[in-house]
Amino acid sequence: MNILVTLNSNYIPPLKIMLKSMFINNPKVTFTVYLMHSSITDHEIDDLKSYIEMHKSKLEVLFINEDDFTDAPAHSYYTKEMYYRLLAYKFLPEDIDRVLYLDPDILVINSLEALYNLNIDDYLFAAAFHDIPGTDTINKVRFYPYELKEYYNSGVLLMNLENQRNKIKENEIFKFVEEYFNILIFPDQDVLNALYSQDILTLDEKIYNYDVRFYSLYKISSKDEWDMTKVIYNTVILHFCGKNKPWRRDYKGNFHSLYKYYEKLTFNKFSE
């Protein structure tokens, strides 16, 4: 199973926690983890490679140098890293036809196989949108005249690489960023939705991109069906969206204890 991550050194600890949860809950799967980066040190790469190999999987490094996005518009607050997951198809091996992108602020608490094997022949991506009242209308107005089917979260993306190689044009992305950079809030996510919303297969957010901030909303809107038991047994991906992250000491949330459990398994040398 091919997994894609894009990050800098600051996110290596949460990446390890995410990977630990993925390895534990997919024990029969051999993963190839593709890491796109531009600044991680050789020592950090070696450490991460050893960590992944310890779990019977392998790391492939995709180093992005300064010349790779020479023509891409970038600004002081929007760096070239914004393009990494959107243009990953250019750097991934041509002999793989799909990859699952995962943000590092995620826990994988059940099997990924059903998600990974979805039929996305007619799509560029599969992703979930967070059905929060008001946000859909705001984003559709923000990017008029682009027709957004929904406003998808880019933290979990199943990518059809063959279709992307044929349909995604990097110059279109660069043109969009140049034209709209004043209203971009989540740069790569905004580009994803404005340009490719119509080519995204919708995933169930409560299963494949569960925003932990909205536990109470999910529970109430489902008439108590999506309680903690339902989540633990059925949700595949918990996503700690927003600025408040579970590895910080002041974090408070319904899934904090679960995150700490995987954190302990990751960094306790006696956990293996």
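Right above here is the structure, for reference.
A short tour of the structure in this document, coming up. (Residues numbered from 1 in each chain as written. Predicted model: local features only at pLDDT ≥ 70, side-chain atom pairs only at ≥ 80, totals over all residues. Heavy atoms only, no water.)

**A closer look at helix α7 (residues 187–196)**
For α7, the buried fraction is high: nine of the ten residues fall into the buried class. Of all the residues in α7, the buried ones are Pro187, Asp188, Gln189, Asp190, Val191, Leu192, Asn193, Ala194 and Tyr196. (Buried < 20%, exposed > 50% of the residue type's maximum accessible area, 1.4 Å probe, protein only. Helix = DSSP H or I, 4+ residues; strand = E, 2+ residues; numbered from the N terminus.)

**Here we look at the sheet that holds strand β3 (residues 58–63)**
Read from one edge of the open sheet, seven strands run β3-β2-β1-β4-β7-β6-β8, paired in mixed fashion. Each of the sheet's edge strands pairs with one partner strand only, and the pair in question is β3 and β8 (200–202). Within this sheet the neighbouring strands show an average axis-to-axis angle of 25°, counted without direction. As paired elements, strand β2 (residues 32–37) and β3 share six bridges and run parallel to each other. Its bridge partner being in β3, Tyr34 is matched across the sheet by Glu60. Across the sheet, helix α1 (residues 12–25) is in contact with β1 (2–6), β2 and β4 (98–102); its angle to β1 comes to roughly 165°. (Pairing = 2+ DSSP bridges. Axes fitted to C-alpha atoms, helices over the stretch in contact; angles between N-to-C directions. Contact = heavy atoms within 4.5 Å.)

**A look at a negative patch on the surface**
Taken together, Asp97, Asp121, Asp122 and Glu162 make up a surface patch of like negative charges. Tracing the sequence through the fold places Asp121 in the loop between α3 (113–116) and β6 (125–127). (Patch = residues over 30% accessible without salt bridge, like charges linked within 9 Å, V, L, I, M, F, W, Y side chains within 5 Å. Areas by Shrake-Rupley, 256 points an atom, 1.4 Å probe, with all protein chains shown as cover. Salt bridge = Lys/Arg side-chain N within 4 Å of Asp/Glu carboxyl O. Lys, Arg positive; Asp, Glu negative; His and termini not counted. Charge placed at Lys NZ, Arg CZ, Asp CG, Glu CD.)

**Thoughts on the layout of surface pockets**
Roughly 180 Å³ of volume is contained in the second largest pocket. In terms of lining, the second largest pocket is formed by Phe129, Asp131, Thr202, Leu203, Asp204, Glu205, Lys206, Leu217, Tyr218, Ser221 and Ser222. Elements with a minimum of two residues in the lining of the second largest pocket: α8 (205–208) and α9 (215–221). By residue number, the principal contributor to the lining of the second largest pocket is α9, which donates three residues. Grouping the amino acids of the lining of the second largest pocket by side-chain chemistry returns four nonpolar, three polar and four charged. (1 Å grid on protein atoms, 1.4 Å probe; cavity = no way out; pocket = protein on both sides within 12 Å on 5 of 7 lines; lining within 4 Å. Points joined across faces, edges and corners; volume = space filled by probe spheres on them. Nonpolar A, V, L, I, M, F, W, Y, C, P; charged D, E, K, R; others polar.)

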